[in-house]
Amino acid sequence: MNILCFKLALAAYLAATVFYLIFLVSMKKGMARMGQAFTIAGFVLHTAAILTRYAEAGHLPVISLYESLSFFAWATILVFLICDYRSHIPSLGSFVLPLTSISLIYTLALPSHIEPLNPALQSAWRGIHTISAFLGYGAFAVAFCAAIIYLLQERQLKRKKPGALYYRLPSLETLDFLSHKVLAFGFPCLTIAIITGSMWASSAWGSYWSWDPKETWSLITWFVYAAMIHTRVAAGWRGKKASYLAIIGFLFVMFTFLGVSLLLKGLHTYG
Amino acid sequence: MKRIIKFFSSIKLAIILLISLAFTSIIGTVIAQKQNPVLYVQHYGEGLYKLFRSMGFFDVYHSWWFILLLILLSINILFCALRRLLRDLRHLRLSPTRLDDETARKFNLSHSMMLDKAVSECKDKVLSIIKKDMGGTIKQEQGEEGGFFFFSEKNRHSWTFFYLTHLSILIILLGGILSAVLGIKGYMQILEGEKTDKFYEYASQNEYSLGFTVRCDKFEIEYYPNTMRPKDYKSTLSILDQGREILKKIIEVNKPLHYRGMTIYQSSYGEDTSSGNLVLQVKPMNAESTELFQEFNVAAGGSFEFTGADGIKRQVKVLRFLPDFAMDGQGKAFSKSNQLKNPAVQIMVTKEGDTPFALWCFQAYPDFHMIKKGEYIYTLKGYKGRMYTGLQVGKDPGIWVVWLGCILLMIGVVLVLYSSHQRIWIRLTPEKPGCGLQIVGHADKNKIGFENKFKYICQELTDSLKQ
C-alpha cells in the first residue's frame, strides 16, 4: 500500500517536473499552474505513503536510506509549497521538483522493506529529532535552488539585452528575500535537531556529545550556516555572495545527510 | 586597548572563528580519533604518525588549538555582547516617541504627503490604520501648534533575544567544561545475580568506587522473530546503600537509572564464557539410528570421557570456547563479542593409543567437520551459562548547565530570527490648507519584510486620507 502510494506520488512529481520545465522554456502560465497542481497531488499521495508506512511499521519510517531520501523529498516539497503559497514563485518549482525527483528516482534502486528498530532507536526523541532535521534539510535545499536561480537571473541582468529567461525568473529582491526567509527557518530547525539529538544520545548512551562523525558534521554544517547568517545580518552580505554561500552550505548539508553515512563510520548507520 | 576591544568584538572575527571551527572539525571525522598508536603507525607510517600526533590530529577536539578556538569564540561573544549592550541601553534611553527632524533623517524609510483635511479630521483615520496594520503599543501625543504625533512599536524586547542566543552558547560551553572537569564515565559488567560497587573508567581503565552497590537481579533479551537482531534488552537492578535495599528498577536502552548523582545506562550484554556449560553431542560417523547419539554437559575448560562402540576410551577436552567466532587477518581465531552470535568450541580428542587431535565445532554449522579421521562427529548443541549485563556508569554535573543553555538557545534562535523591533512614527502638522503627514519607520531585522509593510501602510494612508 505504502509503496503504491509512493510510486503514484513519484509519478505525480515527475509530471510536475515536466510541466515546470516546459514553463521555464515556454513562459506559459498554465504550465506552472499544472506543475503546481501535480506537485500538490504528489505531496498528498506522498504524505499518504508515509502515513500508511508509519501504520504498518509502528514507528516513524525514517530508518533506512530509502525512507530517509523519501522523507527528505517530502520535507523539501513541503517547504517549497509553503514558499510558493506565500510568495508565489513558480520558477522555483522548475528547480525544486527536478531535485526531489532525482532523489526519489534513486530510492527505486534501494531495498524498500521495513527494517526493525534496534533498541537505541526506540526513543521518544526520535520523532522531533528526525522531523526537525529533515525540515531543516528541506529548507536548505529550497535555499540552494533559490541561490541558483539568483545567480542565473543575475547573469541575465548583466547582459545588455536580457534573455527570455529573465522574464520567467523572479526579481533579485524576491529571491534574496526568499533565501533569507528559508534560511531563517532552516537554521532553527538544524539547531533543534542537533540539540534533541544530543538529548537523545544522552539518554541512550549516557553521553550528550561524543564527536561521532554525524554529530560532528551536523555541527560543522551549523557553524557554516551560523557564519552565513552573520555575514548577512551583520556584515550585510547579500545577493551574489550570499547565493554562493547558500550553495556551499547545501553541499555541507548533503555531506552530513548522505556522505557521512556512506563514507564515514559512526552511530547513524542510516540516512 | 581600544583596538584590542574592537578586534575581539568584531563580527569578522566571529565569522572567521566559525569557519575555522567548521574546517578543523572535519579533520577529526576523516582521521579516526583516539585509536591505538600501533594502528596509526600501520596506517600512516612512522613519519606521518609523528607529524599528526604533534599537531593533535588524533584527538582534534581536545587539542590545544581547538580549545583555543573555542576560547576565542567565547571572548568574541562576550565582547560583542558587552559592546552591544552599551549601544542598546543608549538607544533605549534616547529612543524618541515624537517624530522630530533628527529622527526623520536617521531612518531611511520615510514618506510625506500633503492632505486637504485638517489634523483633527485625519487623526482617527491614521489611528485606525496603524492599529490595524501595525498592532503593538501605540502612543499618541498632542503637540504644540496644533500638531499631532503617533508612535507605534512592536516587539520592543526583541533586542534582548540577541543576548539570549549568544549567552546560551556560552552557557553550553561552560557546561561542557564542567562535564569535562567534574564528570566521570565508566563501565561495569555484572553477572545475573551478582553485585558490585566498582566501575572502570573508560579512558584510564582505573577502578573507581560507586559509593553504593548495584545488584543485577535479572537480565532479559528479546530478539526480532527468526533473527539474532536484539529488539530489546533490559536488566532488573537493585541499589543497595549501606546494606539496605534502596530501590529496584528495570533499566533498558534509553531508560537509565539515576541514584545519588550517578546515572546507570543499559549499554551492552554478554555471555559469561567461563562459568557456563557446553552441550556437546557425540555420534559415530555414518550412524543411522539416533540411539547411538550421546550428549555431554561440559564446563568451558573441562573434559569428559566416553567409550566408543569399538570399546576404546576417548577423552574430550574443551580447549577454547568462543561465543562469536571470527578469524583475524593472520587466520587466528578470536571472539568478536561476548554475545552468542556464532558460538564455536575447540576441543581436543584423545583416543587411547592414538595421537590427540584438535578440532573446531560450530553451533551454527553442524555439518562442518574439520577432521574426518575420527570415527566420531562432535557437534556443539548449545551453551548454557549466565549472562552479564553491561552497564555504563557516569556522573555529569555539567549536564544541567548544558541543557539550560540548549533550551535557551532553541528559544533564542527562533525569537532572534523571527522577532524584529518595528517602529513607526507619524507626525501631523497643520498646513494651509489641510495638513501635512510624515511617516518614518524602522525595523532592526527583516528589513525587506518591514519595507513591504511600510509601503502598504503608506498606501493605506494615502487611500483613506486623500479621497
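Notes on the structure follow. Since the model is a prediction, treat every value here as computed from it, not as a measurement. (Residues numbered from 1 in each chain as written. Chains lettered and ligands numbered in written order. Predicted model: local features only at pLDDT ≥ 70, side-chain atom pairs only at ≥ 80, totals over all residues. Heavy atoms only, no water.)

**Some words on the overall build of chain A**
Move 1: Counting its secondary structure elements, chain A contains nine helices and zero strands.
Move 2: Along its sequence from the N terminus, chain A presents helices and strands in the succession α-α-α-α-α-α-α-α-α.
Move 3: Over its C-alpha trace chain A gives a radius of gyration of 19 Å, about what one expects of a compact globule, namely 18 Å for 271 residues.
Move 4: Expressed as a percentage of the 271 residues in chain A, the buried residues total 59%. (Helix = DSSP H or I, 4+ residues; strand = E, 2+ residues; numbered from the N terminus. Rg over C-alpha atoms; globule rule 2.2 N^0.38 Å. Buried < 20%, exposed > 50% of the residue type's maximum accessible area, 1.4 Å probe, protein only.)

**With respect to unusual backbone geometry**
Move 1: One non-glycine residue with positive phi stands out, namely Trp211 of chain A, at about 55°.
Move 2: Here Trp211 of chain A lies in the loop between helix 7 (172–205) and helix 8 (213–233).
Move 3: For Trp211 of chain A, a relative accessible area of 22% puts it in the partly exposed group.
Move 4: Of note in the backbone geometry, Gln205 of chain B takes a positive phi value of approximately 65° without being a glycine.
Move 5: Here Gln205 of chain B is to be found in the loop between strand 5 (195–201) and strand 6 (207–223).

**Quick look at the pairing of strand 10 (residues 262–271) of chain B**
All names here are of chain B.
Move 1: Judged by how many residues are buried, strand 10 sits mostly within the fold: eight of 10 residues are covered.
Move 2: Pairing of strand 9 (residues 257–259) with strand 10 involves three bridges; the strand directions are antiparallel. The partner of His258 across the bridge, within strand 10, is Thr263.
Move 3: Between strand 9 and strand 10, which follow one another and run antiparallel, lie two residues, and Arg260 among them has a positive phi close to 45°.
Move 4: Summarising the sheet, strand 10 and strand 20 (residues 387–395) pair through eight bridges and their orientation is antiparallel. (Pairing = 2+ DSSP bridges.)

**Let's talk about the sheet that holds strand 1 (residues 109–115) of chain B**
Adjacent strands of a sheet form backbone hydrogen bonds with each other and so pair up, either parallel or antiparallel.
Residues and elements named next belong to chain B.
Move 1: Taken in spatial order, the five strands of this open sheet run 1-22-21-3-2, and their pairing is antiparallel. Both outer strands of the open sheet, strand 1 and strand 2 (137–142), are each paired with one neighbouring strand and no more. Across the sheet, the mean angle separating the axes of adjacent strands is 10° when strand polarity is ignored.
Move 2: In terms of strand pairing, strand 2 meets strand 3 (residues 148–154) through six bridges, oriented antiparallel. Directly across from Thr137, in strand 3, lies its bridge partner Glu153.
Move 3: Each of strand 1, strand 2, strand 3, strand 21 (422–430) and strand 22 (435–443) touches helix 6 (residues 119–133); the most contacted strand, strand 21, lies at about 170° to it.
Move 4: Each of strand 1, strand 3, strand 21 and strand 22 is contacted by helix 9 (residues 447–466), which is oriented at about 5° to strand 1, the strand it contacts most. (Axes fitted to C-alpha atoms, helices over the stretch in contact; angles between N-to-C directions. Contact = heavy atoms within 4.5 Å.)

**Re the packing of aromatic side chains**
Residue and element names in this part refer to chain A.
Move 1: As enumerated under the stated definition, the model contains 55 aromatic pairs over all chains in all.
Move 2: Pairing Phe71 with Trp74 gives two aromatic rings, centres 5.4 Å apart and planes at 10°, and the pair type is stacked. A residue pair is termed a helical-turn pair when its members lie 3 or 4 positions apart in one helix, as Phe71 and Trp74 do in helix 3 (residues 65–87) at three residues. In this structure, Phe71 and Trp74 share a single accessibility class: buried.
Move 3: Arranged with centres 5.3 Å apart and planes meeting at 65°, the rings of Phe134 and Tyr137 form a pair that is edge-to-face. Within this pair, Phe134 and its partner Tyr137 are both found in helix 5 (residues 125–158), separated by three residues, close to a single helical turn.
Move 4: Relative accessible area serves as the criterion here: at 5%, Phe134 is assigned to the buried category.
Move 5: Accessibility expressed as a relative area gives 9% for Tyr137, which makes it buried.
Move 6: Among the aromatic residues, ring-to-ring pairing joins Phe43, Phe71, Phe72, Trp74, Phe134, Tyr137 and Phe257 into one connected group. (Phe/Tyr/Trp six-rings, centres within 6.5 Å; stacked < 30°, edge-to-face > 60°.)

**What about the sheet that holds strand 11 (residues 277–284) of chain B?**
All names here are of chain B.
Move 1: Pairing in this open sheet of three strands is antiparallel, and the strands run 12-11-19 from one edge to the other. Where the open sheet ends on each side, the last strands, each with one partner, are strand 12 (294–299) and strand 19 (376–384). Sheet twist, expressed as the mean angle between neighbouring strand axes with direction ignored, is 25°.
Move 2: By the bridge criterion, eight bridges tie strand 11 to strand 19 in an arrangement that is antiparallel. Looking at the pairing, Leu280 lines up with Leu380 of strand 19.

**So, the interface of chain A and chain B**
Move 1: Each partner contributes residues to the interface: chain A has 44 residues there, and chain B has 46 residues.
Move 2: Between chain A and chain B lies a buried interface of about 3900 Å² when both sides are counted; carbon and sulfur atoms form 72% of it.
Move 3: If you look at where chain A meets chain B, you find zero salt bridges.
Move 4: At the surface where chain A touches chain B, the tally comes to 12 residue pairs in polar contact (both at pLDDT 80 or more).
Move 5: For the side of chain A that touches chain B, the elements supplying multiple residues, two or more each, are helix 7 and helix 8 of chain A.
Move 6: Here the side of chain A that touches chain B gets 16 residues from one element, more than from any other, and that element is helix 7 of chain A.
Move 7: Of the residues in the side of chain A that touches chain B, the class split is 29 nonpolar, 12 polar and three charged. (Buried area = accessible area lost by both parts, 1.4 Å probe. Salt bridge = Lys/Arg side-chain N within 4 Å of Asp/Glu carboxyl O. Polar contact = N/O pair within 3.5 Å; in protein donor to acceptor, adjacent residues only side chain to side chain. Nonpolar A, V, L, I, M, F, W, Y, C, P; charged D, E, K, R; others polar.)

Any link to function would need more than the numbers given here.
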